[in-house]
Amino acid sequence: MKINLNKIKKSIIAGLILPASIATAQTVNYFGDLNPTGATDPLSVISLNGGFIFRGTFPAEGRELCFSDGTFSGTSVLADLNTGPGDSVPGSFAKFGNRYLFSANGVAGREPYITDGTATGTTILANLDGGSGNSDPLFLFELDGYYYFLATSSPGVRRLYRTGGALATTTLVGGLTPANNAVGALSEHISTIINGVGYFVANTTDEGTELFRSAGTVFDTYEVSTLDGGIGSSLCSYRIISYGNNIFFCGIGPSGSELYNYDTTLGTTTLVADINLAGSSSATLIDKIGSKLYFIATPDGGSLYLYVLDVLSNTVTQLTGPGTPAGNVANLISYAKFNDKLYFSASSSFGDELFVSDGTQSGTGLVKDINPTGSSSPTSLMAYGDALYFSAVVPEVGQELFKTNGTADGTQLVADIKPGAGSSEPINVGVALDKLWISAASTASDYEMFSISDLCSYDTAKTAPGQCGCGVAERDLNGDGVVGCGGVRLQVSQTKASLSALIYPTSGGATPAFRAERTNVSQKVSELVRYLKANRSSISMKRGKKLTNNIKRIESAQKTFKKANKKSSYKSAKKKLNSALNRLISEISASTI
């Protein structure tokens, strides 16, 4: 890892002495001043065509779609969609095969476009408004070679369209006429695909905000869930999250605005939990990690606290708020998923700080009080390599770039990009070409691009994960060219952890969701067996014990585990598999890694 000596010199000159708790030596690379007359303001970095596209501002073209091959000289405007210094402001990017759909303000207003990362491959798909007005496309889902989206037609009505990626294949689907659709530029968690059918949220003039479905024709595009009897809205939020054949959302029913579930197989809508018995909890979905759905809700009409629904056990747990170990942590500000956990900034007695949750009360709490004298206000959380990067405020350096590995000691300042108490106000804008790209201000320029290229920032021996990941040494244990990642004990430990986390549903039997999770665990067992067989000559066993016998016991237990569909047989199979793994550990030699 290189130390930026110039940065250290500037810090000394500025009289800045960083506390050991926030000091760091990670290098952030300045890309260059792409816009000498102002700020490039790069946003939405997306890998494409051997480089990446992004939204940037250039002097002659304005705010347009740009492309970079990763070098300063290879970075330029890809297409000046709003000719001259006017801004097209491209956004709402959606992956479609090896291309990206996006919306932009061109000569025909804000319409749908597509790009493959080349100038000739960047084109408008349709002028759906019919003039210079805006169709404001909202991209929903890909299904059977088409991408579906909502857009405003010339009469001012929002309709469902689809495109195959060309002008000739961009057509009206019909089946609903949602008007005054207020979902705006949101593109995350407003649609999902289940069993070849797309589900999405739309706002109609006659029925309000509802859940719809479409399989691609006017005949199978219709509303599927109405809690209010057809008058007013059924949904209190545009966010939906699916798990298996179920769609979860904030619904407006007899109990107020609460968490509901729509079963796409049965066609029924049921209340999941009545969080606020005296009114509405305004349950708003955040994200899904494994079988756990995180959401915020108010139990009393006041602050919004973090909750989790475990879909497999059908249990709801309050993670923050009065009476929980985390305490009065409320009003989530921003979040990101990292290492199968939810990291989020929220208000608390420490101020606005960084918190983490693994979906349990005991595993939910403060990561670190980054700014003990006030609020560090973490924002722009983005996972890259072995760290979660974010912007935070401390008195010594202002608002700068930080990172965490989930521990207090590992929560550190990455770089004081604008030395001294002035703020660079960094924004993490994307990962491409194995680098994290950042928009920030410095003493040399306005908001320009910076990058980090160390994927293993906490590992002094590696800058890339390799086959084994950061923090795990890669060894050829017997010289046969097969890499061993940390040894048998680590492999078994990781497999046992996955097995322990899989719980048979309390109701509904072996659901499709449970079977999917069980398949993932079984795959980990298969990976362990392959590792044992590949490294058998370097794995020492205790006297009289044989690795071959252990492999056979694990494979036999795995076979039973994969077939167990009843609760009693599953518990027995899980116990047998766990016992086989424990026996392996007890019979290998202490000298084996």
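Check the entry above for the structure.
Position numbers for residues count from 1 along each chain, tracking the sequence in the order it is written. In view of the model being predicted, local features appear only for residues whose pLDDT reaches at least 70, and side-chain atom pairs are presented and counted only at 80 or more, with totals across whole chains, interfaces and linings using the full set of residues. Only hydrogens and water are removed before side-chain values are computed, so all heavy atoms of the structure are retained for them.

Enquirer: What exactly am I supposed to notice about helix H3 (residues 512-534) here?
Expert: For an α-helix, the turn length of 3.6 residues means that residues three or four places apart are oriented alike. Taking 1.5 Å of rise per residue, the 23 residues of H3 would be expected to cover 33 Å, and the 33 Å separating its terminal C-alpha atoms lies within 8% of that figure. The complete set of buried residues in H3 reads Ala513, Phe514, Arg518, Val521, Ser522, Val525, Leu528, Val529, Tyr531 and Leu532. Helical segments are the DSSP runs of H or I of at least four residues, strand segments are the runs of E of at least two, and each set is numbered from the N terminus. A helix is expected to span 1.5 Å for every residue after the first. In this scheme, a residue with accessible area under 20% of its type's maximum is buried, one over 50% is exposed, and one in between is partly exposed, where area comes from a 1.4 Å probe on protein chains only.

Enquirer: Any chance you could explain the sheet that holds strand S9 (residues 123-124) here in plain terms?
Expert: Think of a sheet as strands paired side by side through backbone hydrogen bonds, with each pair either parallel or antiparallel. Paired strands, in this sense, are two strands between which DSSP finds at least two bridges. As summarised here, the arrangement of the 4 strands in space is S6-S7-S8-S9, forming an open sheet in which the pairing is antiparallel. In this open sheet, the two strands that pair with only one neighbour each are strand S6 (91-96) and S9. Across 4 bridges, S6 lies against strand S7 (residues 99-106) in antiparallel orientation. Its bridge partner being in S7, Phe96 is matched across the sheet by Arg99.

Enquirer: Looking at this structure, how should I read the environment of Arg489?
Expert: Relative to the helices and strands, Arg489 is located in helix H2 (residues 488-501). The class of Arg489 is partly exposed, set by a relative accessible area of 33%. Taking the C-alpha atoms as reference points, Arg489 and Ile585, separated by 96 residues in sequence, lie 6.9 Å from one another.

Enquirer: Whenever I open this one, the environment of Ile503 confuses me. Can you help?
Expert: With respect to the secondary-structure elements, Ile503 resides in the loop between H2 and H3. We classify Ile503 as partly exposed; its relative accessible area is 45%. Note: C-alpha distance between Ile503 and Leu312 (191 residues apart in sequence) is 7.0 Å. Every residue in contact with Ile503, bar those within four places of it in the chain, is listed here: Leu312, Phe514, Tyr570 and Lys574. Here, two residues are considered to be in contact whenever any of their heavy atoms come within 4.5 Å of each other.

Enquirer: Before we go on, may I ask you to explain the environment of Ile252 in this structure?
Expert: Turning to its location among the elements, Ile252 is positioned in strand S19 (residues 246-253). Take Ile252: its relative accessible area is 30%, and that puts it in the partly exposed class. The spatial distance from the C-alpha of Ile252 to the C-alpha of Leu227 is 6.6 Å, given a sequence separation of 25 residues.

Enquirer: What exactly am I supposed to notice about the nonpolar core here?
Expert: Buried together is how nonpolar side chains tend to be arranged in soluble globular proteins. Ranked by size, the top nonpolar core spans 46 residues in total, and within it Phe295, Leu532 and Ile554 carry the most contacts. Contributing elements (two or more residues each) for this core: strand S18 (235-243), strand S23 (292-297), strand S24 (305-310), H2, H3, helix H4 (547-563) and helix H5 (567-587). Ignoring any residue separated from it by four or fewer positions in sequence, one finds Ile554 in contact with Val525, Val529, Leu532, Leu577, Ala580, Leu581 and Leu584. Here, the term nonpolar core denotes a set of buried Ala, Val, Leu, Ile, Met, Phe, Trp, Tyr and Cys residues that are joined through side-chain atoms within 4.5 Å. Counting 25 residues, the second-largest nonpolar core is a separate cluster that includes Phe141, Val173, Ile194 and Leu235.

Enquirer: Help me out: how do you make sense of the packing of aromatic side chains in this one?
Expert: Given two aromatic rings, one states the distance between the centres and the angle between the planes to describe the pair. Centres within 6.5 Å are what make two rings of Phe, Tyr or Trp a pair, Trp counting through its six-membered ring; a difference in plane orientation under 30 degrees is then read as stacked, over 60 as edge-to-face, and the rest as tilted. If you walk through the whole model with that rule in mind, you get 25 aromatic pairs. With a centroid separation of 5.8 Å and an interplanar angle of 45 degrees, the aromatic rings of Phe52 and Phe54 are classed as tilted. Overall, Phe52 belongs to the buried group, its relative accessible area being 0%. Residue class for Phe54 comes out buried when judged on its relative accessible area of 0%. By way of ring pairs, the aromatic residues Phe31, Phe52, Phe54, Phe72 and Trp437 are connected into one cluster.

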